[in-house]
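Coordinate analysis (summary)
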Amino acid sequence: MTTPLVAGLAVGAAAYGARAALQAFNAWKTAAPRMRAFYKGGFQPEMNRREAALILGVRESAPEEKVKEAHRRIMIANHPDSGGSSFIATKVNEAKDMMMGKKRGGSNIF
């Protein structure tokens, strides 16, 4: 008498688990792809260390070597001679100078 009851509960539990798994799979399949979140905002009038780190994609406490590597990687993609924006190149160079401690004098021409 108890064997059919236990078997019925086992089949019910398996069906319930399969239903939950199918629902989770369908939700995963239709979900939008997860993209890397980028900084949403314009440039500040006067660059600070936080903004420089956001532009280069490094931490504020990043060593000089990581800053140089990030600067090189970004400049290869955005250099004005290869079709990139001169404004972006200027901001990337300014960010590198800020992170390296070589703040340029004067204001930005843009």
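Calculation notes
- Residues numbered from 1 in each chain as written.
- Predicted model: local features only at pLDDT ≥ 70, side-chain atom pairs only at ≥ 80, totals over all residues.
- Heavy atoms only, no water.
- Helix = DSSP H or I, 4+ residues; strand = E, 2+ residues; numbered from the N terminus.
- Expected span 1.5 Å × (residues − 1).
- Buried < 20%, exposed > 50% of the residue type's maximum accessible area, 1.4 Å probe, protein only.
- Contact = heavy atoms within 4.5 Å.
- Polar contact = N/O pair within 3.5 Å; in protein donor to acceptor, adjacent residues only side chain to side chain.
- Core = buried A, V, L, I, M, F, W, Y, C linked by side-chain atoms within 4.5 Å.
- Phe/Tyr/Trp six-rings, centres within 6.5 Å; stacked < 30°, edge-to-face > 60°.
- Arc of directions from axis to C-beta.

On to helix 4 (residues 86-100). Every α-helix winds through 3.6 residues per turn, so residues three or four apart in the chain are directed the same way. In this model, helix 4 (15 residues) spans 21 Å end to end at C-alpha, consistent with the 21 Å of a helix rising 1.5 Å per residue. Buried residues of helix 4: Ala-89, Lys-91, Val-92, Glu-94, Ala-95, Asp-97, Met-98, Met-99 and Met-100, and no others. Buried residues in helix 4 make contact with helix 2 (49-56) and helix 3 (64-78). Two or three places before Phe-87, at the start of helix 4, stands the capping residue Ser-85, its side-chain oxygen 3.2 Å from that residue's backbone nitrogen. A positive phi of about 85 degrees marks Gly-101, the residue just after helix 4.

Leu-56, Val-58, Val-67 and Met-99 are the most contacted members of the largest nonpolar core, which has 17 residues in total. Secondary-structure elements contributing two or more residues to this core are helix 2, helix 3 and helix 4. Among residues more than four places away in sequence, those in contact with Val-67 are Leu-56, Val-58, Ala-62, Lys-96, Met-99 and Met-100.

Attention now goes to the packing of aromatic side chains. Counted by the stated rule, this structure contains one aromatic pair. With a centroid separation of 5.9 Å and 35 degrees between ring planes, the pair formed by Phe-25 and Trp-28 is classed as tilted. Separated by three residues within a single helix, Phe-25 and Trp-28 lie in helix 1 (residues 2-30), roughly one turn from each other.

What follows concerns helix 3. For helix 3, which comprises 15 residues, the first-to-last C-alpha distance of 21 Å matches the rise-based estimate of 21 Å (1.5 Å per residue) to within 8%. Of the positions making up helix 3, those classed as buried are Val-67, Ala-70, His-71, Ile-74 and Met-75. What you see down the axis of helix 3 is that its buried residues fit within an arc of 125 degrees, all on one side. The outward face of helix 3, more than 90 degrees from its buried face, is lined by the exposed residues Glu-65, Lys-66, Glu-69, Arg-72, Arg-73, Ile-76 and Ala-77. Buried residues belonging to helix 3 abut helix 2 and helix 4.

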